[in-house]
Amino acid sequence: MKKLIAILLTASLAMVALAESPSMSPSSPDGLRKGGTLGDVADAPPIAGDPRDVQREVRNYPEQPPVIPHTIRDYQVDKRFNRCLDCHSRESAPDAGAPMVSVTHFMDRNFQVRAEVTPGRYFCTQCHVPQTDAEALVESDFKPIDQVIREGDRGEGQ
Ligand code: HEC
Ligand code: HEC
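As a starting point, this report considers the structure included with it.

1. Notes on the site of ligand 1
- In the vicinity of ligand 1 lie 19 residues, with Arg56, His70, Cys84, Cys87 and His88 positioned nearest.
- Interatomic distance of 2.9 Å between a side-chain N/O atom of Arg56 and an oxygen atom of ligand 1.
- At 2.8 Å, a side-chain N or O of His70 approaches a nitrogen atom of ligand 1.
- Considering each element in turn, the shell around ligand 1 owes the most residues, 4 residues, to helix α2 (residues 83-88).
- Looking at the shell around ligand 1 residue by residue, the class counts come to 12 nonpolar, 4 polar and 3 charged.

2. A look at the site of ligand 2
- Residues in contact with ligand 2 amount to 23 residues; listed here are only the nearest, Ser102, His105, Cys124, Cys127 and His128.
- A distance of 2.4 Å separates an oxygen atom of ligand 2 from a polar side-chain atom of Ser102.
- Judged by its atoms lying within 2 Å of the grid points, ligand 2 is housed in the largest pocket.
- Each residue belonging to the shell around ligand 2 can be placed in one class, and the counts come to 12 nonpolar, 8 polar and 3 charged.

3. Regarding the coordination of the iron atom of ligand 2
- Protein coordination at the iron atom of ligand 2 comes from His105 (NE2) and His128 (NE2), with a distance range of 1.9 to 2.0 Å.
- Taken together, the 6 donor atoms coordinating the iron atom of ligand 2 span angles of 88 to 179 degrees at the metal, a pattern that classifies the geometry as octahedral. Residue His105 is located in the loop between α3 (93-96) and α4 (145-153), and its partner His128 is located in the loop between α3 and α4; the two are separated by 23 residues in the primary sequence.
- On the basis of relative accessibility, which here comes to 12%, the residue His105 falls in the buried class.
- A relative accessible area of 18% means that His128 is categorised as buried.

4. Quick word on the nonpolar core
- Formed by Leu85, Val101, Phe106, Val117 and Tyr122, the largest nonpolar core amounts to 5 residues.
- Leaving out residues up to four positions away in the same chain, Leu85 has contacts with Ser92, Val101, Val117 and Tyr122.

5. What to know about the layout of surface pockets
- Its boundaries defined by the atoms lining it, the largest pocket holds a volume of some 920 Å³.
- Lining the largest pocket are 36 residues, with Pro66, His88, Val101, His105 and His128 sitting closest to its centre.
- Of the residues forming the lining of the largest pocket, the biggest block, 5 residues, is contributed by α2.
- Its residues placed into classes, the lining of the largest pocket shows 20 nonpolar, 10 polar and 6 charged.

6. What to know about the environment of Pro69
- One can find Pro69 in the loop between α1 (2-20) and α2.
- Look at Pro69 and you get partly exposed, because its relative accessible area is 24%.
- Sequence separation between Pro69 and Arg56 is 13 residues, and the spatial gap between their C-alpha atoms is 5.5 Å.

7. Some remarks on the pattern of salt bridges
- Per the counting criterion, the structure on display carries 3 salt bridges.
- When the shortest N-O distance is used, the salt bridge between Arg83 and Asp86 registers 3.4 Å. With Arg83 and Asp86 both in helix α2 and 3 residues apart, this pair spans about one turn of that helix.
- According to the relative accessible area criterion, Arg83 is partly exposed, its value standing at 29%.
- The residue Asp108 makes a salt bridge to Arg114 at a minimum N-O spacing of 2.9 Å.

Conventions and cut-offs
Residues numbered from 1 in each chain as written. Chains lettered and ligands numbered in written order. Predicted model: local features only at pLDDT ≥ 70, side-chain atom pairs only at ≥ 80, totals over all residues. Heavy atoms only, no water. Near = heavy atom within 4 Å. Polar contact = N/O pair within 3.5 Å; in protein donor to acceptor, adjacent residues only side chain to side chain. Helix = DSSP H or I, 4+ residues; strand = E, 2+ residues; numbered from the N terminus. Nonpolar A, V, L, I, M, F, W, Y, C, P; charged D, E, K, R; others polar. 1 Å grid on protein atoms, 1.4 Å probe; cavity = no way out; pocket = protein on both sides within 12 Å on 5 of 7 lines; lining within 4 Å. Sits in = over half its atoms within 2 Å of the grid points. Donors = N, O, S within 2.8 Å, 3.2 Å for Na, K, Ca; no water. Tetrahedral: all angles 85-135°; square planar, octahedral: opposite > 155°, others 65-115°. Buried < 20%, exposed > 50% of the residue type's maximum accessible area, 1.4 Å probe, protein only. Core = buried A, V, L, I, M, F, W, Y, C linked by side-chain atoms within 4.5 Å. Contact = heavy atoms within 4.5 Å. Points joined across faces, edges and corners; volume = space filled by probe spheres on them. Salt bridge = Lys/Arg side-chain N within 4 Å of Asp/Glu carboxyl O.

What follows is the structure, given as C-alpha cells:
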C-alpha cells in the first residue's frame, strides 16, 4: 500500500513538473490570455469600465446590432421577465424615451412579422453589448462601409 502511494505521489509530482515546464505548457494558443503559459495561474484581467458619459454610436454597417450606450448591470433577462423590454418594447419605448426594438425583432424565421418580440431576439445580450473602455483583444483592420465606398470611388484599396 505504502509503495503504491509513493508511486502515485511521484507520478503526480512529475506531472506537475511537466505541466510547468515550457516545452509541455506553451504559451496559450490564441494569444488572448496574455502573459504566461497554460500551466500558469494568471491574475484575472480587470473588468472593463461601465459606460458613463456615452452616446449612441454610428453603426459601421446597417445590420450591425448597435452597442448599448448605458449600463445594464442587474438588468434581469430570463424566461419570465425582460428588463430591456420595460423600456424598448413597442408599448413602453415612447414613455421611456428609448428607441423601440426594430421590426426585425418581431420577425420569425419566415420573415413573418409577429405581435411580440420573437424568441430568436428575446435574449438581447446575445447580440447587443454595452460600450466599455475595454482595449481591443486583437488588432483589426476593419473599415466601415462608407470608408470602403469612398476608397473605391477614388480607385484606392484595390
Ligand atoms: C430604463 C430604461 C432602459 C432599460 C431598462 C434599457 N434601456 Fe437600452 N436604452 C434606453 C434609452 C433611453 C436609450 C437611448 C439612449 C440615448 O439616446 O442616448 C437606450 C439605448 C439602447 C441601445 C442603442 C440603440 C441605438 O440605436 O444606438 C441599445 C442597443 C439598447 N439600449 C439595448 C438595451 C438592452 C439590451 C437592455 C437590457 C439589457 C436595455 N437596453 C435596457 C433605455 C433603457
Ligand atoms: C439575434 C441578434 C439580436 C438580438 C437577440 C436582439 N437584437 Fe436588437 N438588433 C439586432 C440587430 C442586427 C439590429 C440592427 C438591425 C436591425 O434593426 O435588425 C438591432 C437593433 C436594435 C435596436 C435599434 C433599433 C432601431 O431602429 O434603431 C434596439 C433598440 C435593439 N436592437 C434592442 C434590442 C433589445 C431590447 C433586444 C432584446 C429584447 C434585442 N435588441 C435583441 C440584433 C439583435
